[in-house]
Amino acid sequence: MCGRTACTLAPDEVSRACRYRDRKGRLRQPRWRDGDADKYRPSYNKNPQSMSPVLLSKRHFDKSASVDKCVLATMRWGLIPAWFGENDPSKMRYSTSNCRSDGLLVKKSYKEPLLKGQRCVVLADGFYEWRTQDKVKQPFFIYFPQTLGSTGGKTDDQSIETKEWTGWKLLTMAGLFDCWTPPDGGDPLYSYSIITVDASPNLEGIHHRMPAILDGEEEVRSWLDFGEVKSSQAMKLLQPKNILTFHPVSSLVNSTRNNSPECLQPLDLQSKKDVKPKGSSKMMSWLKSSTPSKRKEPSSCETTGEEESKAKTPRKSAGPLQQWLHGASKKPRTK
């Protein structure tokens, strides 16, 4: 399953990080839906009912737009079906933060959005999962392997709009969304659910379920292009993928009140020393930068699907993530 994520990039960085290709293979950079960039709040510790960035076809908002043109939107995590009859979405009696791939055509809450083509890609730096061993829960941060030696900045002769994104590679998870309007009137609420599948071989030692990962531009395009790719075809993309890497993190992430870089800090389990909360742990320190930090080679604390079949204890807490968290050029958010 997936009950906690991190998404720390600034709105403009999210746009640059999730470039996509249209049906003709042209590289496109999605724009934010009007007003949604302001609704998005980067966080090291996102939980259900928070607002998160998703990528989807612009046709869902503009019937004149091409189906393969994408837009970024901020949606509530935890799908509220269009038919929900209460005025308060918190009165939902069951959790819809995740939906099992084998139940998409069984449960009404998910079947209707699926058949309507309401597919989206949920974006995150990565997600957290807890391994239970001897009644002790150890959290792990799980994400795409990162490119070595990359930077997110721009050169003097290349603008941000034309430069390829070489910063943190966002995780792309398959999701479904719906639009609900309170029966007594009010603003419509867009919300989503993350689709889950059986865990891949390298993650099953942590948990038996994982998000359905869309690997690469073609899978993202196929999942979002509901005009060309029918639901039955799109569902074939929902398979366990042995492509993610992970490292153990502090129990700080157990509480959603903790929202700081320490949540992602790689933890050396052999030292048996957990990270202690700092004064800023309960307050978001959005690190906004025009020249994100350089990344170094990953250390042994990062485990890929090709290298391991089970979660093992890492040795050191260094690597691309560490460099990204502690980049000297990053500045805190000012508003």
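With an unreviewed UniProt entry as reference, the protein is termed Abasic site processing protein HMCES, source organism Myripristis murdjan. Per UniProt, the protein carries the Sequence similarities (unreviewed entry) text "Belongs to the SOS response-associated peptidase family."

(A) Structural view of the pairing of strand E10 (residues 126-133). With six of eight residues buried, E10 lies mostly within the body of the structure. As paired elements, strand E1 (residues 5-7) and E10 share two bridges and run antiparallel to each other. Paired with threonine 5 across the two strands is phenylalanine 127, which belongs to E10. Remark: two residues form the turn of the hairpin made by E10 and strand E11 (residues 136-143), two consecutive strands paired antiparallel; aspartate 134 in that turn has positive phi of roughly 55 degrees.

(B) Examining the nonpolar core more closely. Of all hydrophobic cores here, the largest spans 71 residues; its most connected members are Val14, Leu55, Tyr128, Tyr192, Ile195, Trp223 and Leu244. The element best represented in this core is strand E7 (residues 70-77), accounting for six residues. Judged by nonpolar contacts, the second largest core, of five residues, contains Ile80, Phe84, Met92 and Leu189.

(C) Just the sheet that holds strand E5 (residues 43-46), in detail. A sheet is described by the order of its strands in space; here five strands give the open sequence E5-E1-E10-E11-E15, paired in antiparallel fashion. Of all the strands in the sheet, just E5 and strand E15 (245-248) have a single pairing partner and so form its edges. Averaged over all pairs of adjacent strands, the angle between strand axes in this sheet comes to 30 degrees, irrespective of strand direction. As judged from the two bridges shared by E1 and E5, these two strands associate in the antiparallel manner. Residue pairing across strands places cysteine 7 opposite serine 43, the latter belonging to E5.

(D) Region of the structure containing the pairing of E11. Summarising burial for E11: six of the eight residues are buried, a large majority. In terms of strand pairing, E10 meets E11 through seven bridges, oriented antiparallel. By the bridge assignment, glutamate 129 is partnered in E11 with phenylalanine 140. Direction of pairing for E11 relative to E15: antiparallel, over a ladder of four bridges. In the sheet register, isoleucine 142 faces E15, and the bridge partner there is phenylalanine 246.

The rules we used
Residues numbered from 1 in each chain as written. Predicted model: local features only at pLDDT ≥ 70, side-chain atom pairs only at ≥ 80, totals over all residues. Heavy atoms only, no water. UniProt positions renumbered as here; feature names shortened; annotations may be inferred. Buried < 20%, exposed > 50% of the residue type's maximum accessible area, 1.4 Å probe, protein only. Helix = DSSP H or I, 4+ residues; strand = E, 2+ residues; numbered from the N terminus. Pairing = 2+ DSSP bridges. Core = buried A, V, L, I, M, F, W, Y, C linked by side-chain atoms within 4.5 Å. Axes fitted to C-alpha atoms, helices over the stretch in contact; angles between N-to-C directions.

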